[in-house]
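A structural walkthrough
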Amino acid sequence: MAQKQTSRKRAGRTIFLALGVVLALLAVVFFAYVNDYRHAGETATALLSSPNIRQEGSLTILTPDAANDSGTGLIFYPGGKVEDTAYLPLLERIRAGGVTVVLVKMPFQLAVFDIHAADRVYGAVPSVSRWYLGGHSLGGAMASSYVPGNEDRLSGLILLGAYPVNHSPIPTLCIYGSEDVQLDKSKLAGVANVLKIEGGNHAQFGNYGLQDGDGTATISREEQQSQAASAMLAFLLPAK
């Protein structure tokens, strides 16, 4: 009897140790995965020294000049496994157009871990009277997922290289590059406001280099971002 109990205890310890080893390996794999992300280029990181850009915890806030401030704000979710600051060149164009922009740094560079990040933005910039939400790729999908139940807080949704996960009556603008082979363009069929940037691809909305599996752009990153910013500003400030 004592031998059986001893054998059971040993078996239990063996199972426990095996589970510990499996969990440790999974943790190593997970952290290796999330730490292998696309970093912002020098053009993007240089903008952090701008007097119109400040960082508050996980938020990077781009403030327009007082004389040009429209009272409109855009909350932006970055793409999956992309450093948030990679989007500063594009978002700087939006700021210069008179819109306050709040770029959100996501846990592990994955917006899926903080879909409701927008909730902590409204109080951080109380001067904004009208908010929009936007995002690129996975960030756009998660921004779309946030909208249901929050329509009263938002005036519209902007998706770059992404499609709406949840269809909502909220005004939506989708922008994508003609050479983007990652986006399922059939999912844009129900969106009334869609812009295709000829020659653009998936990655050039941000400044983080090339992306595996992406199409080859035939226009420059600057041109793609310029066209995207013009369309975004027209959507954000329809009266202007």
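Data block above holds the structure.
Residues numbered from 1 in each chain as written. Predicted model: local features only at pLDDT ≥ 70, side-chain atom pairs only at ≥ 80, totals over all residues. Heavy atoms only, no water.

1. Things to note about the environment of Ala 124
Going by this rule: Numbering of helices and strands starts at the N terminus; helices are DSSP runs of H or I of at least 4 residues and strands are runs of E of at least 2. Three exposure classes are used, based on accessible area relative to the maximum for each residue type with a 1.4 Å probe and protein chains only: buried under 20%, partly exposed in between, and exposed over 50%. By definition, residues are in contact when any of their heavy atoms lie within 4.5 Å.
Tracing the chain through its elements places Ala 124 in the loop between β4 (100-104) and β5 (130-136). Look at Ala 124 and you get partly exposed, because its relative accessible area is 26%. Note: C-alpha distance between Ala 124 and Ile 61 (63 residues apart in sequence) is 9.3 Å. In this structure, Ala 124 is in contact with Arg 54 and Leu 59, ignoring residues within four places of it in sequence.

2. Points about the pairing of β5
In plain terms, the rule: Strand pairing is assigned whenever DSSP detects at least two bridges linking the two strands. Seen with the strands pointing away from the viewer, any crossover whose path from the first strand over the helix to the second strand runs clockwise is right-handed.
In terms of residue burial, β5 counts as a mostly covered element, since 6 of its 7 residues are buried. Bridge count for strand β3 (residues 72-77) against β5 is 6 bridges, and the pairing is parallel. Bridge assignment links Ile 75 to a residue of β5, and that residue is Leu 133. Read from β5 through helix α4 (residues 138-146) to strand β6 (residues 156-160), the crossover connection turns out right-handed.

3. Examining α4
Most of α4 sits out of view: 7 of its 9 residues are buried. Where α4 is concerned, the buried positions are Gly 139, Gly 140, Ala 141, Met 142, Ala 143, Ser 144 and Tyr 146. On its buried face, α4 sits against β3, β5 and β6.

4. Considerations on the packing of aromatic side chains
Basically, it comes down to this: Only Phe, Tyr and Trp rings are paired, with Trp represented by its six-membered ring, and only when their centres lie within 6.5 Å; those with planes under 30 degrees apart are stacked, over 60 edge-to-face, the remainder tilted.
Enumeration according to the criterion identifies 5 aromatic pairs in this entry. Between Phe 76 and Tyr 87, the aromatic rings sit 5.3 Å apart at their centres with planes inclined by 50°, giving tilted as the arrangement. On the criterion of sequence distance, the pair formed by Phe 76 in strand β3 and Tyr 87 in the loop between β3 and α3 (88-96) is long-range, its members being 11 residues apart. Here Phe 76 and Tyr 87 have matching classes, each one buried. With 5.7 Å between their ring centres and 65° between their planes, Tyr 132 and Phe 235 make a pair best called edge-to-face. Of the two residues, Tyr 132 sits in strand β5 while Phe 235 sits in helix α5 (residues 221-236), which places them 103 residues apart along the sequence. With respect to class, Tyr 132 is no different from Phe 235; both count as buried. Three or more aromatic residues joined by ring pairs form one cluster here, namely Phe 76, Tyr 87 and Tyr 208.

5. As for the layout of surface pockets
One way to see where empty space is left: roll a probe the size of a water molecule over the atoms. This is how the line gets drawn: Put plainly, a pocket is an open set of points on a 1 Å grid over the protein atoms alone with protein on both sides within 12 Å along at least five of seven lines, a cavity is a set where a 1.4 Å probe fits but cannot get out, and a lining residue has an atom within 4 Å of a point. Grid points are joined across faces, edges and corners, and a volume is the space filled by probe spheres set on the points. The classification used treats Ala, Val, Leu, Ile, Met, Phe, Trp, Tyr, Cys and Pro as nonpolar, Asp, Glu, Lys and Arg as charged, and all other residues, Gly among them, as polar.
Taken as a whole, the largest pocket holds about 220 Å³ of empty space. Lining the largest pocket are 19 residues, and of these Ser 137, Leu 138, Gly 161, Gln 182 and His 202 lie nearest its centre. By residue class, the composition of the lining of the largest pocket is 9 nonpolar, 8 polar and 2 charged.

6. Remarks on the pairing of strand β2 (residues 59-62)
Here β2 shows two buried faces, one formed by Leu 59 and Ile 61 and the other by Thr 60 and Leu 62. As paired strands, strand β1 (residues 53-56) and β2 are joined by 4 bridges and run antiparallel to one another. Note that in β2 the partner of Gln 55 across the bridge is Thr 60. Adjacent in sequence and paired antiparallel, β1 and β2 are bridged by 2 residues, among which Gly 57 carries a positive phi angle near 60°.

7. A short note on α5
Using the following cut-off: By definition here, a helix of n residues has an expected span of 1.5 Å times n minus one.
For α5, built from 16 residues, the straight-helix expectation of 22 Å at 1.5 Å per residue is met to within 8% by its first-to-last C-alpha distance of 22 Å. Of the positions making up α5, those classed as buried are Arg 221, Gln 224, Gln 225, Ala 228, Ala 229, Ala 231, Met 232, Leu 233, Phe 235 and Leu 236.

Scope: geometric values only; no functional claims are made or implied.
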